[in-house]
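Per-entry structural report
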Amino acid sequence: FKGQYCDKNETVKSSCVVAAVDINRFKAINDEYGHTVGDAVIEKVGSRLVECAGPAALIARIGGDEFVIVDSVDQRSFHRLEHELLRSTITSPDHPEVAMSVGIAKIAGPFESADDALVAYPTLLRRADRAMYSAKARGGHSVVLQTETD
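Read on for a plain summary of the structure. (Residues numbered from 1 in each chain as written. Predicted model: local features only at pLDDT ≥ 70, side-chain atom pairs only at ≥ 80, totals over all residues. Heavy atoms only, no water.)

**Let's talk about the overall build of the protein**
Selection criterion: Runs of H or I in DSSP of at least four residues are treated as helices and runs of E of at least two as strands, each being numbered from the N terminus. Pairs of residues are marked as contacts when any of their non-hydrogen atoms sit within 4.5 Å. Accessible surface is estimated by sampling points in the Shrake-Rupley manner with a 1.4 Å probe; for residues, cover comes only from the protein chains shown.
Tallying secondary structure elements over the protein gives six helices and six strands in all. Each helix and strand of the protein, placed in order from N terminus to C terminus, yields the pattern α-β-α-α-β-β-α-β-β-α-α-β. For the protein, the proportion of contacts with a sequence separation of at least 24, taken over those separated by at least 6, is 74%. Total accessible area on the protein is roughly 7900 Å²; 51% of this is exposed by carbon and sulfur atoms.

Structure representation (structure tokens):
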């Protein structure tokens, strides 16, 4: 995170954002259509997340059907990410439409250093995860923002 987004001694002026992403009904797709189709869904979701977040974001699969996005964004990029994730669905003739539940947490800069921004990551991940579970509780295919005061 630190080396990719800014120089160690540089002030970080943008917000740090973490998004927790869960593929809705992934187990059912795996069970009904098989692991080959499930693997293809995972690959498509990963590609779609790169399209949503852009090439500079760190995107990782952290579990069977969960991904995380970490990035440093300005306000415009944040709203674009939120919009793109909300409209993200995966379609294919091989399986039903796949939607995602997304929780996003951010904290505004500036940070004195990249190390200061990095310290916020565990808290942001917990908040994003809680927001993702709120999105799932709403029935999925939604994005929930966790504010700094939540």
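**Some details on the side chain of His95**
On the secondary structure map, His95 appears in strand E5 (residues 95–107). Apart from the residues lying within four places of it in its own chain, the contact partners of His95 are Ile29, Tyr33, Val37, Val41, Lys44 and Ile90.

**Considering the packing of helix H2 (residues 26–33) against helix H3 (residues 35–53)**
Note the cut-off: Orientation is described by lines fitted to C-alpha atoms, with helices fitted over the stretch in contact, and by angles between N-to-C directions that extend from 0 to 180 degrees. Three categories are distinguished: nonpolar for Ala, Val, Leu, Ile, Met, Phe, Trp, Tyr, Cys and Pro, charged for Asp, Glu, Lys and Arg, and polar for the others, with Gly belonging to the last.
Interhelical geometry of H2 versus H3 gives an angle of 140° and a closest axis separation of 6 Å. Touching Phe26, Ile29, Asn30 and Tyr33 of H2 are His35, Val37, Gly38, Val41 and Ile42, all from H3. Taken together, the residues that form the contact of H2 with H3 break down as six nonpolar, three polar and no charged.

**Focus: the side chain of Ser88**
Going by this rule: A 1.4 Å probe rolled over the protein chains alone gives each residue an accessible area, and that area as a share of the maximum for its type sets the label: buried under 20%, exposed over 50%, partly exposed in between. Polar contact is defined as a pair of N or O atoms within 3.5 Å, subject to the rule that within protein one atom must be able to donate a hydrogen and the other to accept it, and that residues adjacent in sequence are counted only when both atoms are side-chain atoms.
Inspection of the secondary structure puts Ser88 in the loop between helix H4 (75–86) and strand E4 (89–92). Under the relative-accessibility criterion, Ser88 is labelled buried at 0%. Only 2.7 Å separates the side chain of Ser88 from the backbone oxygen of Glu84, close enough to count as a polar contact. Among residues more than four places away in sequence, those in contact with Ser88 are Arg48, Cys52, Ala99, Met100 and His141.

**Quick notes on the packing of H3 against H4**
A pair of packed helices is characterised by two quantities: the angle between their axes and the separation of those axes. For clarity, the threshold we go by: Throughout, the term roughly parallel applies to angles under 35 degrees, roughly antiparallel to angles over 145, roughly perpendicular to angles from 65 to 115, and oblique to all others. Two helices that cross are described as forming a left-handed crossing if the nearer one is turned anticlockwise from the farther one by less than a right angle, and a right-handed crossing if clockwise.
At a minimum axis separation of 8 Å, H3 and H4 run at an interaxial angle of 150°. Classified by the angle between their axes, H3 and H4 sit roughly antiparallel to one another. Once H3 is placed against H4, the crossing between them reads as right-handed. Mapping the contact onto sequence places Arg48, Leu49, Glu51, Cys52 and Ala53 in H3 and Arg80, Leu81, Glu84 and Leu85 in H4.

**Here's the deal with the pattern of salt bridges**
Spelled out, the test is: The term salt bridge refers to a side-chain nitrogen of Lys or Arg lying within 4 Å of a carboxyl oxygen of Asp or Glu.
Enumeration according to the criterion identifies five salt bridges in this entry. Asp22 serves as the salt-bridge partner of Lys136, at 2.5 Å between the closest nitrogen and oxygen. Linking Lys136 in helix H6 (residues 121–137) with Asp22 in strand E1 (residues 15–23), this pair joins segments that are 114 residues apart in sequence. Notably, a salt bridge pairs Glu84 with Arg87, separated by 3.0 Å at the nearest N-O pair. Arg87 sits in the partly exposed class, given a relative accessible area of 48%. Via salt bridges that share partners, Arg48, Glu51, Glu84 and Arg87 belong to a single interconnected network.

**Quick notes on the environment of Phe26**
Examined against the element boundaries, Phe26 turns out to sit in helix H2. Between the C-alpha atom of Phe26 and that of Glu66, which follows or precedes it by 40 residues, the distance is 9.8 Å.

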